[in-house]
Structure formats: C-alpha cells, structure tokens
Amino acid sequence: MKRTLKERIELLGLSYGKEIAILVTFLLVFVVGGVSIIFFLKETIIGAVIIAFGPIVDVVYISRYSSLEKKQEKEHVDELISLLSYFEIFISNGNNVYNSFRLLLPYCSTFMEDSINNLLLAIDVDKTVGPYINFATKFHSHVIESLMLSIYQMVDNGENISQFSEFDILFTNIRNKFQEDLIEEKKKGLELFNSFPLVGAGFITITLSISIIGIIGDYVNVI
C-alpha cells in the first residue's frame, strides 16, 4: 500500500507541520520574487521563470525523502543484524527463540523495540511462519527474510542443535558480508576525502589561470 506524504514524513521522524511550512515558504519566496520582478522591473519572462522554480524546488525537496528512507531502512537492517549477534548468544545459552527476542528489547531503538514487541504479540496468537514473515517485511530485505525463516525453522523443528547450527552458518555468512560491505563503505568515504586536496589544487590552478589571463589582457590593452 502506497504511503501518503504525511505518513512518509512521520515515519522518517520529521515534523509534518515543519516540513509543510518549509515547502510553502519555498513556494511563496519564488512566487513573491517573480511577481515583484514582473511588477517593478517589467521583466515578464524572468519573473515567470522564477515563479516556475517554486514548484520545482518543492519537488526536489520532496525527492530527498526517498534517500532518507533508504538510509533509514539500511540503519534498521544494520541494527537488526547487530542485535542478532546477541540473539545467537542467548540461544546458545539455552534460551528459546521467544525469550531470546524478548531479551533483545533493552538494546533496541524505539523502532526495533516496537517491531519486536509486535512480533512477540503476534507469536502469542499465531504459531505459524506468518509473524516472522510480517516482521521481515518491515525491513524490505531478502537477507532479513532468510534469517527470519531460518529462525522459524528452529521453532518448527523443536529448536534442536541441528537447526541452530543451520541458523549459525547462515547468520555467520550474512554477518561477514555485512562487515565486508561496511569496510568497503569506509574505504569509499576515505577515497572521497583523499580527493579533496586534488579538487582544491584544481580550483587554485583554475583561479590562477584566470587571474594570469586577466593580467595579460590588461597588459595588452595598455600596449
């Protein structure tokens, strides 16, 4: 089901009223600016172009919600993978799946706490795979879906050592991949940081070149 703009803003933890005020402000600034240019400077085309920029700026501002949502989804996946390391420890110490999830609650963010509490409530009334699948859909990740199915199989097969071993192998592989991706992101960030001196040097070179050309031009004009 497609979310409304209000739902998207609130799920991102932003103030709906504040975001709408910003959008309205952008629109008003460009409209008032455009009308002023048309009325005082008699520049109809320029004024119309400035007015048209109002809705364009609003659309660009709204489009940023998509990147914020992707970032938020990644943070949720990262948090759950981190928490499942504790989950694995709780399981290995003899706790069942239900109690292991419950023991995670003190370490959770608000979103994760609500999600796990809802999972536990759903498990209380539904012993099928349904609650686990519904929980996984909150993360929009096939990786989380695979992990939750593996956890359900532990429950369905009596939480024996064999099923725990299968989950342990799957989770270890996913966690290693997660750590590799994290290291790769850090490397890319450092590479971008290392490129800043080159950009600065290029900017200085261009500035000096323009200055030299200007000086030569002035000298030629004097001659």
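Remember, it's a predicted structure, so these values are computed and weren't measured experimentally. (Residues numbered from 1 in each chain as written. Predicted model: local features only at pLDDT ≥ 70, side-chain atom pairs only at ≥ 80, totals over all residues. Heavy atoms only, no water.)

S.K.: Explanation requested: the overall build of the protein in the structure shown.
M.R.: Helix and strand counts for the protein come out as eight helices and zero strands. Helices and strands appear in the protein in the N-to-C order α-α-α-α-α-α-α-α. Relative to its full complement of 223 residues, the protein shows a buried share of 26%. For the protein, the share of sequence-separated contacts (at least 6 apart) that also reach a separation of at least 24 residues comes to 52%. Of the roughly 14,800 Å² of accessible surface on the protein, 66% is carried by carbon and sulfur atoms. (Helix = DSSP H or I, 4+ residues; strand = E, 2+ residues; numbered from the N terminus. Buried < 20%, exposed > 50% of the residue type's maximum accessible area, 1.4 Å probe, protein only. Contact = heavy atoms within 4.5 Å. Areas by Shrake-Rupley, 256 points an atom, 1.4 Å probe, with all protein chains shown as cover.)

S.K.: Help me out: how do you make sense of the pattern of salt bridges in this one?
M.R.: Pairs can form between side chains of opposite charge once their charged atoms are near each other. Per the stated rule, a full pass over the model turns up four salt bridges. Measuring nitrogen to oxygen at the nearest pair gives 2.8 Å for the salt bridge that ties Arg8 to Glu69. Linking Arg8 in helix α1 (residues 5–11) with Glu69 in helix α3 (residues 44–92), this pair joins segments that are 61 residues apart in sequence. One exposure class covers both Arg8 and Glu69, and it is buried. A salt bridge links Arg64 to Glu19, with the nearest nitrogen and oxygen atoms 3.3 Å apart. Pair noted here: Arg64 is in helix α3 and Glu19 is in helix α2 (residues 16–41), with a separation of 45 residues, a long-range link. (Salt bridge = Lys/Arg side-chain N within 4 Å of Asp/Glu carboxyl O.)

S.K.: For this particular structure, what's the right way to read α3?
M.R.: Since the α-helix turns once every 3.6 residues, residues separated by three or four places project in the same direction. Between its terminal C-alpha atoms α3 stretches 74 Å, which fits the 72 Å expected from 49 residues at 1.5 Å a residue. Following α3 by one or two positions, Gly94 has its phi on the positive side, about 100°. (Expected span 1.5 Å × (residues − 1).)

S.K.: What exactly am I supposed to notice about the packing of aromatic side chains here?
M.R.: The geometry of an aromatic ring pair is captured by two quantities: the separation of the ring centres and the angle between the planes. Here the structure, examined in full by the defined rule, presents 12 aromatic pairs. An aromatic cluster is present here, built from Phe87, Phe101, Phe111, Phe135, Phe139, Phe167 and Phe171 joined pairwise through their rings. The ring of Tyr16 carries the charged tip of Lys6 above its face, separated from the ring centre by 5.6 Å. Residue placement shows Arg64 over the ring face of Tyr61; its charged tip is 4.3 Å from the ring centre. (Phe/Tyr/Trp six-rings, centres within 6.5 Å; stacked < 30°, edge-to-face > 60°. Lys NZ or Arg CZ within 6 Å of the ring centre and 35° of its normal.)

S.K.: For this particular structure, what's the right way to read the environment of Tyr16?
M.R.: Looking at the element boundaries, Tyr16 is found in helix α2. Between the alpha carbons of Tyr16 and Lys6 there is a distance of 6.2 Å; along the sequence they are 10 residues apart.

S.K.: I keep staring at the side chain of Ser115 and nothing clicks. Help me out?
M.R.: As for its position among the elements, Ser115 is in helix α5 (residues 110–125). Of note is the side chain of Ser115, whose polar atom sits 2.9 Å from the backbone oxygen of Phe111. (Polar contact = N/O pair within 3.5 Å; in protein donor to acceptor, adjacent residues only side chain to side chain.)

S.K.: So what exactly am I meant to see when it comes to the nonpolar core here?
M.R.: Grouped burial of nonpolar side chains is what soluble globular proteins tend to show. In terms of nonpolar packing, the biggest core is built from 33 residues, with Phe87, Phe101, Ile116, Ile144, Met148 and Ile151 touching the most fellow members. Each residue touching Phe87, except ones within four places of it in the same chain, is listed here: Val97, Ser100, Phe101, Leu104, Ile151, Met154 and Phe167. Counting residues in each nonpolar core, the second largest holds five residues, with Ile9, Leu23, Tyr61 and Tyr65 among its members. (Core = buried A, V, L, I, M, F, W, Y, C linked by side-chain atoms within 4.5 Å.)

S.K.: Help me understand a nonpolar patch on the surface, please; the structure alone is not making it clear to me.
M.R.: Taken together, Leu27, Val31, Val35, Phe39, Phe40 and Leu41 make up a surface patch of nonpolar side chains, about 590 Å² in accessible area. For Leu27, the location among the structural elements is in helix α2. Taking relative accessible area as the criterion, Leu27 reaches 33% and is therefore assigned partly exposed. (Patch = residues over 30% accessible without salt bridge, like charges linked within 9 Å, V, L, I, M, F, W, Y side chains within 5 Å.)

S.K.: Would you explain the environment of Met148 in this entry?
M.R.: Here Met148 shows up in helix α7 (residues 142–156). In sequence terms Met148 and Tyr132 are 16 residues apart; their C-alpha atoms lie 5.7 Å from each other. Apart from residues lying up to four places away in sequence, Met148 is in contact with Phe101, Leu119, Tyr132, Phe135 and Ala136.

S.K.: Is there a simple way to think about α5 in this case?
M.R.: With 16 residues, α5 extends 23 Å between its outermost C-alpha atoms, agreeing within 8% with the 22 Å of an ideal straight helix rising 1.5 Å per residue. For α5, the full list of buried residues reads Met112, Ser115, Ile116, Leu119, Leu120 and Ile123. All buried residues of α5 fall inside an arc of 135° around its axis, so they share one side. Exposed residues pointing more than 90 degrees away from the buried face of α5 are listed as Thr110, Leu121 and Val125. Structurally, α5 contributes buried residues whose contacts are with α3, α4 (97–104), α6 (130–137) and α7. (Arc of directions from axis to C-beta.)

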